[in-house]
Amino acid sequence: MPREGLEVENLHLWRGEHHVLRGVGFALPRGGCLHVTGPNGAGKTSLLRAACGLLYPESGRLLWDGRDVHEDLPTFHSVLMYIGHEAPLKADLSARENLRYWIGTRRRIGRDTLGAALQRVGATAWSERPARTLSAGQRRRVALAALSLLLVPLWLLDEPTTNLDAEGQQLVGTLIEEHLARGGLVLAATHHELPLPRSRVQRLELTHE
Amino acid sequence: MPREGLEVENLHLWRGEHHVLRGVGFALPRGGCLHVTGPNGAGKTSLLRAACGLLYPESGRLLWDGRDVHEDLPTFHSVLMYIGHEAPLKADLSARENLRYWIGTRRRIGRDTLGAALQRVGATAWSERPARTLSAGQRRRVALAALSLLLVPLWLLDEPTTNLDAEGQQLVGTLIEEHLARGGLVLAATHHELPLPRSRVQRLELTHE
Amino acid sequence: MREFLDMGGYAAFVWPSYAVTLAVVVLNIVWARSSLARSRAAARRRLAAAGADA
Amino acid sequence: MSDTRTAAPDAASVLEAARLVLERDLTLALRRRGQLVQPLAFFVIVTTLFPLAISPELARLREVAAGVLWVAALLASLLALEFLFRDDAYDGTLEQYALSGQPLTGLMFAKTAAHWLLTGLPLALMAPLAALSLGAPPDAVPGIVASVAVGTIALSLIGSIGAALTLGLRRSGVLLALLTLPLSLPVLIFGARASELAIHGEPYVAPLELLAALAVLGITLAPLASAAAVRISLE
Amino acid sequence: MSDTRTAAPDAASVLEAARLVLERDLTLALRRRGQLVQPLAFFVIVTTLFPLAISPELARLREVAAGVLWVAALLASLLALEFLFRDDAYDGTLEQYALSGQPLTGLMFAKTAAHWLLTGLPLALMAPLAALSLGAPPDAVPGIVASVAVGTIALSLIGSIGAALTLGLRRSGVLLALLTLPLSLPVLIFGARASELAIHGEPYVAPLELLAALAVLGITLAPLASAAAVRISLE
Amino acid sequence: MSWTWFHRLASPPHIYRLAQRLTPWFAWPAGALILAALYGGLVLAPPDYQQGDGFRIIYMHAPSAWMSLMVYTTMAVAAAVALIWRMKVAHAVAASCAPIGASFTIAALVTGSLWGEPMWGTWWEWDPRLTSELILLFLYLGYMGLRGAIEDPQRADRTSAVLAVVGIVNVPIIHYSVTWWNSLHQAPSVMRLGKPTLSTPMLVPLLMMMLGFTLFFVAVLLVRLRGEILVRERSASWIREVLST
Ligand code: HEM
Ligand SMILES: Nc1ncnc2c1ncn2[C@@H]1O[C@H](COP(=O)(O)OP(=O)(O)OP(=O)(O)O)[C@@H](O)[C@H]1O
Ligand SMILES: Nc1ncnc2c1ncn2[C@@H]1O[C@H](COP(=O)(O)OP(=O)(O)OP(=O)(O)O)[C@@H](O)[C@H]1O
Ligand SMILES: [Mg+2]
Ligand SMILES: [Mg+2]
């Protein structure tokens, strides 16, 4: 029987002239959290983008529940959520509208659910203002709301705690813990400790060369 | 005799419909470092942008060496350096070229000086690559190099440690300490501790309302 | 010979056509070889740089 | 507990997703008051430039009316195109579309439809006015409206390919024109011929059919090509 | 110790700063191989569109040659304009210019000069070819080159105001055209008249002088206006 | 299983060496055919009864025009293969084709123009055949411009491949434009179903020239291909080997 979860085998990835990932491999079971660390330019972002199929590795395999994801990318994409360095918000739409159009392409979503998610990230006060006027941390919080709305199994988070205040960082920890408890998988890259009990977290340290 | 350094008196700033800064004031003498903290959306970025004259406050005064800065903005600008949430890099230029054109509009700069600054931030290996291909932390490091090249008195830093690895965060601390030692002033906003001895740092906590 | 060169009065059209087309042929040889030489030089440089790293 | 294991029962269908994409683009355009009138205004200005640059005699103008009209429509459509994908690429929206698990082709089709609704359709409604001011007879109006409406569908579709191809590139404006204009030439030729025939009161069905054929070809091929190009641009 | 107290002795002068801004924009354009030929290619394509849309007869084309030439030049200049400030606004460069302690007017002037060198000048050099292919006589070449060269200076300057004004706005392309075109109308009219006179072998000095006057007016006013607009956009 | 030979065949080192070995087998016959066809076309073929010696432009024009279309088709097919199977070698083929095709398109336009002046009394006419051939040139230029504008070689490959595939719609338009629209341009005389309409002494040099140009294209393509493969290859070991020779 194929193993459940995400498996990465011997990944080699080039970016331009640069051999960034040299044989990275790991297995992330259901309910597992992998914390990717490493110095600037080690390839954390590249690994995350390769793991969601946005970058195509030179060699190596990427398996979801035992199946090569490149055989059917759309299906793989429908089980994952990737949040990069920047929250993908439209400057002219409010936080609420942004969420509606962003999450709406993936699942049906009611007004109440949306309101609850916004409230959870402390966005009620500014959820109707154009995203252009939001502060850096507020933008991040909208991304967190999106995350909490999509109950897909695999979360790929690039520096999820950036720009967040102490309470926001704690919220990231809570969201991740809840996700793990319901059998989700988290692959997160940060330079700081994840706001989680250490025992819950596997680590992968990328290095130069 | 007017006092040296930066003084902010009773600053009131509106952003759109939003009264963000309500009577903020502080005095930052030569060699002083002010760490602005506060929850997301408290107005840290707004304060920094107002302090360098990009935002015009509703009321209150901003004094540099005892003179109102709005009387002669260009002169005030020539003594300060502001680094915002994003490093202002041109995607098609290399790190070295970016620095040359960015810093070059302010001071004459030799090849060696530039090389030394790049080396200091650990950029030698990737200083000739287009900025488009740099990782988030590498971009930040280029901004640090710019900072170290401009020996202007007043540094305004918005989350300077974002995206930096442990060593990069330490570098920020060292740069700030050196700057303070030569009589410079630093106004920095972060959610994390500044990598400096606590005794060197004044704190200003902004709150909602 | 002169008659041949005159091309029945069409010399001004025939010869330029031949010149242009044959020039394209020759230039293609030159360009292809120089492009290959450039790539080889670049590959050599890359190898040297990789060697320096290791 | 197990809700992360099975496909969510409330997953959105492609149609729902495409409808939301379309709605989003229309909302965004309407949000800026006056956004809607811009391609129109551009079109009107270009068609008024000509009389200024050439000659104000109506007889002479009528001769070139169809050509001017079509070149203006082509350029107006092109100018608006730039923004079809670019903002979405900058702010990461396209990335999320590509990762949405929905067929990207469908979402691209929705975006192109929004572009046509926001530029092509208003241009078609506006064209008669411009044509009349250039000396075309009132009888020509139906033919002109029909040809501009159908032709701009093809232009939007061709343009979506060009816009997607130039996504990663800064300063892509001129390159976009360079890539799109050659492919748009047939549209221009048939469109101008249809309008010219309409202006001269002759039957214009033949070129209009060719325009329609181009539009159908575009509908089947362009979303595929631009989805492929978008995916590549994210690499 | 005290080097933060006095103005640095190695401070760059405005001239040096402006030279660097100019050099930077030229470097950026040259970086992409082929960037330089793009406005040209666009210009050539637009001038080939017209014969297709209007009629291939040279006699008829010659009548509209000057107008076509100028509308194409205007649009080529406009398309390239979008990028004059937009990228710099996105990546924070303009902010740094505004905070550089240098007079922003000088830096704006340098940016506009770069724009002209990259679009206006090549257009002027290319215009004769386009004119000849549209049936203009060879004698008209000096007049056409001169009028396009001088006219595009004015266009770049006017455009810089428009580009700066629309900075804060996304989707600014069409709005930019809307703001810039009316201001560019005089340039278009005098330019087309000068070219037309040149094509018909008549003296074209009068409109050329008016073009030059417009360019000089632009040089004195436009950088001031665009510097002010840039500052506002940063608030 | 059955794919192993395919991948070995398409592996960069194999193709590189194969290209190196095959080049002379195309280059020399191409040279011989072109020289022979030149002699046949300029000396042996009799003057045309209508066009006199002016018709001899055909030996440059028709082969160049043929090349412009054939090379584009090759490029588009290679691009499609490369996109679908993610084959670097196919990308390298497509990239090698563009400059060759563009140069012969220019040759076709110039020779056509030089032929048009004496035959139709005009250098240029906005006729469907001529216009669509000009569009072909713009497509080649757009393809190369797009490649040049993208720094990352892999993205450049894949993006420009989409354009190459899309542009293929232009090829049948060029070919059939003479039949679909009534046009100034000659109706097909060689490339048509059934019997060619040219007389044998005129036809033979033309066919030889076309074949010669085609072989020439393959030879040039093979040379360029090696360079393009080198640019794309990451594994250092065989490059070192190849460069040492
Ligand atoms: C700039 C002007 C011209 C252009 C762009 C042009 C373009 C072309 C093209 C693209 C083909 C290849 C068609 C195919 O293989 O499907 C072709 C073939 C040919 N052209 Fe031209 N042409 C031009 C002028 C002329 C003129 C003036 C003549 C003669 C009076 C001429 C005679 C021919 C002939 C005989 C063929 C071979 C036809 C065949 O065997 O299919 N062309 N031309
Ligand atoms: N243009 C604007 N119009 C209206 N409100 C604005 C505008 N810009 C910012 N704001 C609001 O002003 C407040 C302060 O924003 P600011 O960016 O200064 O916060 P911050 O303290 O830097 O937050 P963070 O920690 O998230 O970076 C926020 O609530 C923000 O939503
Ligand atoms: N398109 C590209 N071309 C060439 N090199 C690239 C490209 N993109 C990224 N790189 C390089 O690949 C390396 C890995 O980049 P990546 O963004 O994955 O690093 P990271 O670990 O996320 O760093 P950070 O901590 O700074 O976010 C870096 O050295 C970067 O410069
Ligand atoms: Mg990263
Ligand atoms: Mg902030």
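Residues numbered from 1 in each chain as written. Chains lettered and ligands numbered in written order. Predicted model: local features only at pLDDT ≥ 70, side-chain atom pairs only at ≥ 80, totals over all residues. Heavy atoms only, no water.

**Student:** For this particular structure, what's the right way to read the sheet that holds strand β1 (residues 6–15) of chain A?
**Tutor:** Picture the strands of a sheet paired through backbone hydrogen bonds; they go either parallel or antiparallel. Residue and element names in this part refer to chain A. Ordered in space as β2-β1-β4-β5, the 4 strands form an open sheet in which the pairing is antiparallel. Here the strands that pair on one side only, and so sit at the sheet edges, are β2 (18–28) and β5 (67–68). Pairing geometry for strand β4 (residues 59–64) and β5, over 2 bridges, is antiparallel. Paired with tryptophan 64 across the two strands is arginine 67, which belongs to β5. Packed on one face of the sheet, helix α1 (residues 44–51) meets β1, β2 and β4 and runs near 60° to β2. (Pairing = 2+ DSSP bridges. Helix = DSSP H or I, 4+ residues; strand = E, 2+ residues; numbered from the N terminus. Contact = heavy atoms within 4.5 Å. Axes fitted to C-alpha atoms, helices over the stretch in contact; angles between N-to-C directions.)

**Student:** What am I meant to see in the nonpolar core here?
**Tutor:** Nonpolar side chains tend to gather and get buried jointly when the protein is soluble and globular. Formed by 232 residues in total, the largest nonpolar core has its most connected members in Leu6(A) and Phe26(A). Of the residues forming this core, the biggest block, 17 residues, is contributed by helix α3 (residues 58–90) of chain D. By size, the runner-up hydrophobic cluster in this structure holds 53 residues, among which are Leu13(B), Val36(B), Ala17(E) and Val230(E). (Core = buried A, V, L, I, M, F, W, Y, C linked by side-chain atoms within 4.5 Å. Buried < 20%, exposed > 50% of the residue type's maximum accessible area, 1.4 Å probe, protein only.)

**Student:** Looking at this structure, I do not really get the coordination of the magnesium ion (ligand 5). What am I missing?
**Tutor:** By definition of the ideal shapes, four donors in a tetrahedron about a metal sit 109.5 degrees apart, and six donors in an octahedron sit 90 or 180 degrees apart. Residues and elements named next belong to chain B. On the protein side, the magnesium ion (ligand 5) has Thr45 (OG1) and His85 (NE2) as donor atoms, found 1.9 to 2.6 Å from it. One end of the pair, threonine 45, is in helix α1 (residues 44–51); the other, histidine 85, is in the loop between β6 (80–83) and α3 (95–104), with 40 residues separating them in the sequence. Judged by its relative accessible area of 22%, threonine 45 is partly exposed. (Donors = N, O, S within 2.8 Å, 3.2 Å for Na, K, Ca; no water.)

**Student:** In this structure, what is going on with the site of ligand 2? I would like to understand it.
**Tutor:** Near ligand 2 you find 20 residues, and of these Arg129(A), Ser135(A), Gly137(A), Lys44(B) and Ser46(B) are the closest. For ligand 2, a nitrogen atom lies 3.0 Å from a polar atom in the backbone of Thr133(A). A distance of 2.5 Å is found between an oxygen atom of ligand 2 and a side-chain nitrogen or oxygen belonging to Ser46(B). Burial of ligand 2 by the surrounding chains reaches 91%, relative to a free accessible area of 640 Å². (Near = heavy atom within 4 Å. Polar contact = N/O pair within 3.5 Å; in protein donor to acceptor, adjacent residues only side chain to side chain. Areas by Shrake-Rupley, 256 points an atom, 1.4 Å probe, with all protein chains shown as cover.)

**Student:** Any chance you could explain the sheet that holds β6(B) here in plain terms?
**Tutor:** Residues and elements named next belong to chain B. In space, the 5 strands of this open sheet follow the order β6-β7-β8-β3-β9, with parallel pairing throughout. Each end of this open sheet is capped by a strand with a single partner; those strands are β6 and β9 (201–205). Here the strands of the sheet are splayed against their neighbours by 15° on average, with no regard to which way each runs. Two elements, strand β3 (residues 33–37) and strand β8 (residues 185–189), share 4 bridges in a ladder whose sense is parallel. The residue bridging cysteine 33 from the neighbouring strand is valine 186, located in β8. Lying over the sheet, α1 contacts β3, β6, β7 (154–158), β8 and β9, oriented at roughly 155° with respect to β7. The strands that helix α5 (residues 136–149) touches are β6 and β7; relative to β6, the one it contacts most, it runs at about 175°.

Worth remembering: the numbers are spatial, not functional.
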